[in-house]
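# Breakdown of the fold
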Amino acid sequence: MTEDSRPTPFERVCPVCGYAGQFRAHPKTGRPNATCPGCGGRERHRMLALYLAPEGRNRLAGKRVLHVSPESILERFVQGAASYETSDPELPGMDHRFDITAIPIEGGGYDAVLCNHVLEHIPNDRAALSELHRILAPGGLAVITLPVIEGWETTYEDPAIDTPELRELYFGRHDHVRYYGRDIRDRIREAGFDLEVFQPSPRQCVEHAITRGHSVFVGHKAPQEDR
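Owing to the predicted nature of the structure, the values given are computational and were not obtained by experimental measurement.

What counts and what doesn't
Throughout, residues of each chain are indexed from 1 in the direction in which the sequence is written. For a predicted model such as this one, the threshold for reporting local features is a pLDDT of at least 70, and the threshold for listing and counting side-chain atom pairs is 80 or more; totals across whole chains, interfaces and linings nevertheless cover every residue. Derived side-chain values reflect all non-hydrogen atoms in the structure, with water molecules and hydrogen atoms excluded from consideration. For two strands to be treated as a pair, DSSP must find at least two bridges joining them. In this description a helix means any DSSP run of H or I spanning at least four residues, a strand means any run of E spanning at least two, and both kinds are numbered starting from the N terminus. Here, axes are lines fitted to C-alpha atoms. For helices the fit covers the stretch in contact, and angles between N-to-C directions go from 0 to 180 degrees. Salt bridges are defined as contacts in which a side-chain nitrogen from Lys or Arg sits within 4 Å of a carboxyl oxygen from Asp or Glu. Remark: exposure states derive from per-residue accessible area (1.4 Å probe, protein chains only) relative to the maximum for the residue type, with buried under 20%, exposed over 50%, and partly exposed in between.

### A word on the sheet that holds strand S4 (residues 83–87)
As a general point, the strands of a sheet are linked pairwise by backbone hydrogen bonds and lie either parallel or antiparallel. One open sheet accounts for six strands, arranged S4-S3-S5-S6-S8-S7; its pairing is mixed. The sheet is open, and its two borders are formed by S4 and strand S7 (194–198), each paired with just one other strand. Between one strand axis and the next, the sheet turns by 20° as a mean value, whatever way the strands run. Looking at chain direction, strand S3 (residues 64–68) and strand S5 (residues 110–116) are connected through four bridges and run parallel.

See the structure below:
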């Protein structure tokens, strides 16, 4: 194949910011088409954008939103929210600094919680899921993403893997404490949620450079029954 006959790199479209063109490789891992040059968003942000704003409709409009460990890339999706609060134990400028396994807030105060690649950092993720369910109002939703190995039936975790070096080796990052398997669905349901799983279509994965097979897990708190 001559240089002139090489295929042109495929142009992608970012559903977060609308950029159209070639995406960049991940700056650390070299993963191709990971980063949008327009907003800096990665695959998980583009996947969330498809769920949060399908066909231009904003699912968070008019809702009281809590964003756990927020990323500024996603702030455009909460611009129509009735209220927007953030929480992280370490990031500056947060509204709250609570531990999400023991949230010091009365139940029912939020209509939606965004939890994007957070639970894999939390040793007691079951307690965190239970707390997210508790603080939601009836009919509320918890929008959750995390790294999942769909080929594994059960989640891989081991408390003995407790150093940054070992966690990098076994879980892919120095601050992760597990790799989820398919049973993440059971953990979300056990917290009291009805579960919806959103996956981009094969075409969307190509056009928006989203990792094939990755999912948004949406926990729905049941509406309050009529009395």
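### Overview of the pattern of salt bridges
Proximity of charged atoms lets side chains of opposite charge pair with each other. One pass over the full model with this rule turns up 13 salt bridges. Across the salt bridge formed by Arg 187 and Glu 157, the nearest N and O atoms sit 2.6 Å from each other. Of the two residues, Arg 187 sits in helix H4 (residues 184–190) while Glu 157 sits in the loop between strand S6 (136–145) and helix H3 (164–171), which places them 30 residues apart along the sequence. The buried category is assigned to Arg 187, whose relative accessible area is 5%. Judged by relative accessible area, Glu 157 falls into the partly exposed class, the value being 32%. Note that Arg 203 and Glu 207 form a salt bridge whose closest N and O atoms lie 3.5 Å from each other.

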